[in-house]
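# Working through the structure, step by step
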Amino acid sequence: MKFIDYYEVLGVPKSATDKEIKTAYRKLARKYHPDVQKTGGKKEAEEKFKEINEAYEVLGDADNRAKYDQLGQNWRMGQEFQPPPGNSGYQTYHMDGMDGFGFSDFFSSIFGQEFSRQQAGYSGGYQAGARSRKGEDVEVEISLTIEELMVGTEKDIQISLPALCTVCEGQRFSNRGVCNSCGGTGTTEEHKKLKVKIPSKSYPGTVLRLKGLGGKGLSDGPSGDLFLHVQAKPHPIWRVINQVDLEGDLIVRPDQAVLGDQVSMQTPADMVQVKIQPGTRSGQKLRLRNRGFNKNGTVGDLYIKVQIDIPRNQTPQEIELYQQIFALRNK
Ligand SMILES: [Zn+2]
């Protein structure tokens, strides 16, 4: 029999994530579903549809994918394939009332027995009501300004959750074959609005776990969790260092640096009074303790980096004074 490269069938790289595989599968399943084909290419589409479903049966399941990856890494599409020992005595799997949705010999040679076993429980469940299963965990990213992270905020976010397909009730198959409504994934997308609270001093990279706000569980199964990955937007002044520290530039004039001064500066949380010591050099840093972000109880510091710059317009009187300094230095 010929080796089948399931990655090639779905058009995804070997490194594809579960989500990428699912997306590719859904797209192809919709495109080649026999119900949507015109009479012309119907036969080819049906073949293609079978291949796609078989590929997803393997790559869409973590265990199957691992097994396939381990087995198939040295094989190319279409190569003559010899099933490994220990897989013999398989039974080809057919689901009742699903003519035309059988799997290839190649598939059966690898997954035959196990698949039959799995599906026995699966279809048994189909008749007796679905087995309960925990809902999917969902990962969402949210980007906030440094100020929002520092003082805390409340945000409305839009998320799409995997919801159980109501047509096939998550079974993926109906008695007519692969479910048309969900493309055979068993889930559809449910869009939801949520208000989330971000605590003050949340460091960029914080992951908030919102229990039970992920995908709905199957049958009596609990809902999955929502994992909110908090990121920082770039800021014109403040840079995040080591996740918890902040650093920003404070521009001072040469006379302030030489003589010392007290200036106010807006930090992400509030206005602070900064004391510039006489004789401060450019690049020197002032450290304000515990004004950074909080990571598991470790609170970072805020660094103010002094940068000396000259004002744009010098008055004739200022020039004259600089000339005096210049003359003194060049004696
Ligand atoms: Zn469905």
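This write-up is about the structure you can find in this document.

Calculation rules
Within any chain, residue numbers begin from 1 and follow the written order of that chain's sequence. Residues qualify for local features only when their pLDDT is at least 70, as the model is predicted, and side-chain atom pairs are given and counted only at 80 or more; totals for whole chains, interfaces and linings, by contrast, use all residues. The side-chain values count all of the structure's non-hydrogen atoms but skip hydrogen atoms and water molecules. What counts as a salt bridge is simple: a side-chain nitrogen of Lys or Arg found within 4 Å of a carboxyl oxygen of Asp or Glu. Secondary structure elements are defined from DSSP: runs of H or I of at least 4 residues count as helices, runs of E of at least 2 residues count as strands, and each element is numbered from the N terminus. The cut-offs for exposure are 20% and 50% of the maximum accessible area for each residue type, with area from a 1.4 Å probe on protein chains only; residues under the lower value are buried, those over the upper are exposed, and the others partly exposed. Here, any two strands with at least 2 DSSP bridges between them count as paired. Definition used in this section: a nonpolar core is a set of buried Ala, Val, Leu, Ile, Met, Phe, Trp, Tyr and Cys residues joined via side-chain atoms within 4.5 Å. A contact between two residues is defined here by any heavy atoms of the two lying within 4.5 Å. Interaxial angles span 0 to 180 degrees and are taken between N-to-C directions of axes, which are lines fitted to C-alpha atoms, for helices over the stretch in contact. Nitrogen, oxygen and sulfur within 2.8 Å of a metal are treated as its donors, or within 3.2 Å for sodium, potassium and calcium (Na, K, Ca); water is not counted, so a site can appear incomplete. Square planar and octahedral sites, with four and six donors, are those where opposite donors lie more than 155 degrees apart and all other angles lie between 65 and 115, tetrahedral sites have four donors with every angle between 85 and 135 degrees, and the rest are irregular. Any two rings among Phe, Tyr and Trp, with Trp reduced to its six-membered ring, count as a pair given centres within 6.5 Å; such a pair is stacked if its planes are under 30 degrees apart, edge-to-face if over 60, and tilted if neither. Lysine and arginine charges are scored as sitting over a ring when NZ or CZ, respectively, is within 6 Å of the ring centre and within 35 degrees of the ring normal.

## Examining the pattern of salt bridges
One pass over the structure, following the stated rule, counts 16 salt bridges. The shortest N-O distance in the salt bridge between Asp18 and Arg65 comes to 3.6 Å. Placement of Asp18 in helix H2 (residues 18–32) and of Arg65 in helix H4 (residues 62–72) is noted, with a sequence separation of 47 residues between them. Arg65 sits in the buried class, given a relative accessible area of 11%. The network of salt bridges with common partners includes Arg239, Glu247, Asp249 and Lys285.

## A closer look at the pairing of strand E7 (residues 226–232)
In the sheet, strand E1 (residues 138–144) pairs with E7 via 7 bridges, with the strands oriented parallel. The residue of E7 that forms the bridge with Ser143 is Gln231. Note that strand E6 (residues 207–210) and E7 share 4 bridges and pair antiparallel. Its bridge partner being in E7, Arg209 is matched across the sheet by Phe227.

## Remarks on the pairing of strand E9 (residues 245–252)
Of all the 8 residues making up E9, 6 are buried; the element is thus mostly covered by neighbouring parts of the structure. Where strand E8 (residues 239–241) and E9 come together, 3 bridges link them in antiparallel fashion. Paired with Ile241 across the bridge in E9 is Asp245. Taking the residues between adjacent antiparallel strands as the criterion, E8 and E9 are bridged by 3 residues, where Asn242 takes a positive phi near 55°. As judged from the 7 bridges shared by E9 and strand E15 (residues 302–308), these two strands associate in the parallel manner. Considered in E15, the bridge of Asp249 is made with Lys305.

## As for the nonpolar core
Of all hydrophobic cores here, the largest spans 33 residues; its most connected members are Leu228, Leu250 and Ile304. Looking at which element gives the most residues to this core, the answer is E1, with 4 residues. Excluding its chain neighbours within four sequence positions, the residues that come into contact with Leu250 are Val263, Met265, Val274, Ile276, Ile304, Lys305, Val306 and Gln307. The next biggest cluster of nonpolar side chains, apart from the first, holds 28 residues, and it includes Val12, Phe49, Ile52 and Phe173.

## Quick look at the sheet that holds E8
One open sheet accounts for 4 strands, arranged E8-E9-E15-E12; its pairing is mixed. The open sheet has two edge strands with one neighbour each: E8 and strand E12 (285–288). Direction aside, neighbouring strands of the sheet carry axes that sit 30° apart on average.

## Quick word on the coordination of the zinc ion
The coordination sphere of the zinc ion contains the protein donors Cys165 (SG), Cys168 (SG), Cys179 (SG) and Cys182 (SG), at a distance range of 2.2 to 2.4 Å. One can describe the donor arrangement at the zinc ion as tetrahedral, given that its 4 donor atoms subtend angles of 105 to 112° at the metal. Counting along the primary sequence, the residues that act as donors to the zinc ion give the motif C-x2-C-x10-C-x2-C. Classification of Cys179 by relative accessible area gives buried; the value is 2%.

## Some thoughts on the sheet that holds E7
The mixed open sheet is built from 3 strands, whose spatial order is E1-E7-E6. The open sheet has two edge strands, E1 and E6, and neither has a second partner. Each strand axis lies, on average, 25° off the axis of its neighbour in the sheet, ignoring direction.

## Looking at the packing of aromatic side chains
A full pass over the atoms with the stated rule returns 4 aromatic pairs. Between Phe3 and Tyr68, the aromatic rings sit 5.9 Å apart at their centres with planes inclined by 10°, giving stacked as the arrangement. Here the residue Phe3 occupies a position in the segment before helix H1 (6–10), and Tyr68 occupies one in helix H4, the gap between them amounting to 65 residues. When its relative accessible area of 2% is taken as the criterion, Phe3 is described as buried. With a centroid separation of 4.9 Å and 50° between ring planes, the pair formed by Tyr6 and Tyr68 is classed as tilted. Of the two residues, Tyr6 is situated in helix H1 and Tyr68 in helix H4; the sequence distance between them amounts to 62 residues. Aromatic rings pair up to connect Phe3, Tyr6, Tyr7 and Tyr68 into one cluster. Lying across the ring of Tyr32, Lys48 places its NZ or CZ 5.8 Å from the centre.

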